[in-house]
Each structure stands twice: as C-alpha cells, then as structure tokens.
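Report on the structure
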Amino acid sequence: MCILVIILAFCLPGCSDGSSIQGQTAWAYDGIGADKEADLFLVCPTVYSGSEESYNMSMQDEETKAAFLGALNMERGIYEGACRMFAPYYRQASLSAYEAQGETLENALALAYEDVDAAFTDYLNHRNDGRPIVLAGFSQGADLCLRLLKDHFQDPSVRERLVGAYLIGWRVTQEDLDEAPWLAMAQSKDDVGVIVSFNSEAEGITSTMMVPEGVKSLSINPLNWKTDATVAEKSENLGACFPDYDGVIQKEEAGLCGGYLDRERGTLKVTDISPEDYPPVLSLFEPGVYHLYDYQFFYRNLQENVSLRVEKWRQQQAAA
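The text that follows walks through the structure, step by step, so that each part is easy to find. Predicted model, so just to flag it, every value in this text is computed and none were measured. (Residues numbered from 1 in each chain as written. Predicted model: local features only at pLDDT ≥ 70, side-chain atom pairs only at ≥ 80, totals over all residues. Heavy atoms only, no water.)

Let's talk about the packing of aromatic side chains
Taken as a whole and judged by the stated rule, the model has 20 aromatic pairs. Relative to F297, the ring of Y293 has its centre 5.1 Å away and its plane inclined at 10 degrees; by these criteria the two rings are stacked. The exposure classification of Y293 matches that of F297, with both residues buried. Connected via pairs of aromatic rings, a cluster forms that spans F198, F242, Y278, Y290, Y293, F297 and F298. Lying across the ring of Y89, K65 places its NZ or CZ 5.1 Å from the centre. Here R309 stacks its cationic end above the ring of W225, 5.4 Å away from the centre of that ring. (Phe/Tyr/Trp six-rings, centres within 6.5 Å; stacked < 30°, edge-to-face > 60°. Buried < 20%, exposed > 50% of the residue type's maximum accessible area, 1.4 Å probe, protein only. Lys NZ or Arg CZ within 6 Å of the ring centre and 35° of its normal.)

Regarding the pattern of salt bridges
Note on pairing: side chains with opposite charge can pair once their charged atoms come close. Taken as a whole and judged by the stated rule, the model has 19 salt bridges. We note a salt bridge from K150 to D176, for which the minimum N-O separation is 2.7 Å. Note that K150 is positioned in helix α4 (residues 140-152) and D176 in helix α6 (residues 174-179), a separation of 26 residues in sequence. Ionic contacts of the salt-bridge type, sharing partners, join the residues D30, D122 and R127 into one network. (Salt bridge = Lys/Arg side-chain N within 4 Å of Asp/Glu carboxyl O. Helix = DSSP H or I, 4+ residues; strand = E, 2+ residues; numbered from the N terminus.)

Some points on the environment of A87
Mapping A87 onto the fold places it in strand β3 (residues 83-88). What makes A87 buried here is its relative accessible area of 0%. Taking the C-alpha atoms as reference points, A87 and Y29, 58 residues apart in sequence, are found 4.8 Å from one another. A87 has contacts with W27, A28, Y29, L42 and L72, leaving out every residue within four places of it along the chain. (Contact = heavy atoms within 4.5 Å.)

Some remarks on the sheet that holds strand β7 (residues 200-201)
With respect to topology, three strands assemble into an open sheet ordered β7-β11-β10, the strand pairing being mixed. Strand pairing shows two members of the sheet lacking a second neighbour, β7 and β10 (258-261), which therefore form its edges. Taken together, the four bridges between β10 and strand β11 (residues 268-271) define a ladder with antiparallel strand orientation. Within the sheet, the bridge partner assigned to G258 lies in β11 and is T271. (Pairing = 2+ DSSP bridges.)

Description of the sheet that holds strand β2 (residues 38-43)
Consider a sheet: its strands pair through backbone hydrogen bonds, and that pairing is either parallel or antiparallel. With mixed pairing, the six strands of this open sheet are ordered in space as β1-β3-β2-β4-β5-β6. Single-partner strands in this sheet number two, and they are β1 (27-32) and β6 (194-196). In this sheet, adjacent strand axes meet at a mean angle of 20 degrees when their direction is disregarded. As paired elements, strand β5 (residues 162-168) and β6 share three bridges and run parallel to each other. By the bridge assignment, G164 is partnered in β6 with V194. Strands in contact with helix α1 (residues 62-79) are β1, β2, β3, β4 (133-138) and β5; relative to β1, the strand with the most contacts, it is inclined by about 30 degrees. Relative to β4, α4 is tilted by about 140 degrees, and along the sheet it contacts β2, β4, β5 and β6. (Axes fitted to C-alpha atoms, helices over the stretch in contact; angles between N-to-C directions.)

Concerning the nonpolar core
Counting 100 residues, the largest nonpolar core has F41, Y79, L135 and F297 as the members making the most contacts within it. With residues up to four places along the chain from it excluded, the contact list for F41 reads W27, F86, P88, V116, A119, F120, Y123, V134, L135, A136 and L148. Among the nonpolar cores identified, the runner-up in size contains six residues, and A97, Y98, L105 and L109 belong to it. (Core = buried A, V, L, I, M, F, W, Y, C linked by side-chain atoms within 4.5 Å.)

Dropping the structure here:
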C-alpha cells in the first residue's frame with residue numbers, strides 16, 4: 001500500500017517540462033546534479049487519489065503532476081548529495097485502485113510498471129553510460145523498483161553497477177529472493193549491490209497493508225544497520241527531518257526515536273514516540289502505522305548511508 005501525498009510544487013531548474021508523448025518517457029528529474037559520482041533512478045510514491053472510473057494517473061493531469069514532483073522533492077535530499085538524479089513521470093496506480101484490490105489493483109500496477117520499465121530501459125540505453133546506480137522508491141515506488149530488480153538486474157553487466165536499492169515502505173520477502181536469486185538484502189551499513197528495506201510501525205501493530213499478518217518482510221534497521229532484533233537507541237538517530245514540497249527541511253530533530261526489528265514480522269518497531277503525535281493521515285491505516293514517516297524519521301541516517309555505499313562501490317571498483 002502506498003501513501004497518498006496531497007501536495008503542490010513547481011518544476012525545479014533542470015526538470016523536464018513534464019510533457020507526455022505516447023511511447024516516450026516524460027522526466028520529472030532528467031540528470032539533475034551532473035557533477036555527482038553515481039546516478040539515482042527514483043520512482044515516486046502515490047499522489048493520485050483516483051476514482052472508480054480512473055485507476056491510473058493521467059499524464060495530462062497537470063495538478064497531480066505538480067503533486068508528483070512535490071513528493072519527489074520531499075525525498076531528494078536523501079540522495080542528491082551523492083547522485084545525479086533521474087525520475088520519470090508514470091501512470092501510477094491510484095489510491096482508489098489500492099482500495100479496490102484484486103484484479104483492479106493488479107491491472108493498474110501493470111500499467112504503472114509499463115511506464116517505469118520503459119523509462120528505466122531508456123535510462124540504461126541513453127543516460128547511464130556505465131555509471132553506478134542507486135535505485136530508490138517509497139511505497140508504490142518501492143514495489144515497482146522491486147519489479148525492475150527482478151526484470152533487469154539478472155544481467156551481470158547491469159547488476160555490477162548497482163550501488164544499492166532503497167525499497168522503503170514496501171515488503172521484500174524470501175519468496176521474492178527465491179524468485180530472483182540474483183537479489184540480496186543488505187546485511188551491514190556498507191555492503192553494495194543490495195536491497196535496503198524497512199517498514200515503520202508502533203510496537204502494538206500486528207498487520208498492515210504493507211506487511212500483512214503472517215508475512216515476514218526482510219529488513220535492515222536504518223539506525224544501527226543490523227538485521228537482527230538489536231535495539232537502536234534514539235541517540236543513534238542522526239536527525240529526523242520534515243521537508244516541505246520544495247524539499248526544504250522545515251523541522252529537524254536529532255534523537256527523535258529509536259527502533260528495533262520485530263523477529264516475526266521483520267518490521268521496524270519505532271520507540272520513544274507516541275502514535276498520537278504522528279497520526280497515520282489515511283483512514284486506511286490505524287494509529288501506530290508510521291508509513292508516512294519512513295523517510296522522515298530516519299532522514300539523516302539514510303542520507304549518510306547513501307553516500308557511504310556510493311563511496312564503498314567506488315573503492316571496490318578501484319581495487320578490482
């Protein structure tokens with residue numbers, strides 16, 4: 001399940017104008033930060049509410065595309081210090097499709113993935129030039145990135161370029177790894193070519209749309225970079241950041257929260273905060289589901305980690 005983000009933003013310098021031509025990619029970010037060492041391919045979370053008549057975002061819907069760009073801006077600070085950034089507009093599945101579930105949802109996601117897959121293929125063929133790749137997405141974006149990993153990274157020439165895949169706010173299961181054995185989960189703070197994933201929730205939560213009861217998601221704790229239940233104290237939190245729709249941080253608090261991985265669910269149990277202070281926003285989520293805050297709670301730790309993995313990838317290539 002992906003969070004609905006209701007936002008308004010304007011195109012930044014270096015963005016495409018968002019025009020859409022059937023069969024071609026329209027880029028929200030098209031190579032922003034040309035002097036950076038690695039590339040980021042970023043897939044936006046859900047911003048389109050939809051209806052029973054409209055389960056995919058229209059590429060001619062300028063209001064929603066402004067919200068789309070704003071959602072990307074809220075995430076870009078994690079990556080832009082180390083990465084030249086690419087992010088395609090795509091006909092994403094709507095919140096109404098997630099509410100409908102079943103075949104409706106699968107059809108909407110298939111159409112969304114068609115665009116993301118075409119954009120990634122275009123990026124590989126015409127923009128990457130053999131550079132290291134950071135793949136990233138939140139929620140629906142993470143789901144679609146997982147599909148990209150399964151479809152494109154079996155090729156060793158592509159896989160060797162992967163710095164890491166930040167698939168946050170969506171589950172990655174053992175079944176996914178069995179289906180695509182060339183994929184691996186992160187085991188430490190600086191291994192490369194791996195998946196970084198987690199889903200944040202309060203200690204009393206037993207089931208969510210992202211990680212249903214009875215499902216275990218494979219995860220890593222973004223505070224201590226461990227994959228077991230070792231508790232990370234809030235002192236290990238370098239800074240929770242709350243950016244606006246231009247990506248400008250409006251509030252920052254170091255040591256906001258700690259957390260540990262649940263042994264059964266694999267989810268990240270967030271400590272030291274109250275669900276009342278961080279409401280779920282959507283009625284689809286019960287209090288204590290911190291889906292909306294996955295990036296925000298651990299912003300500075302993730303920011304540091306992206307740069308660390310890019311540097312580790314560079315060192316490994318230099319030593320090869």
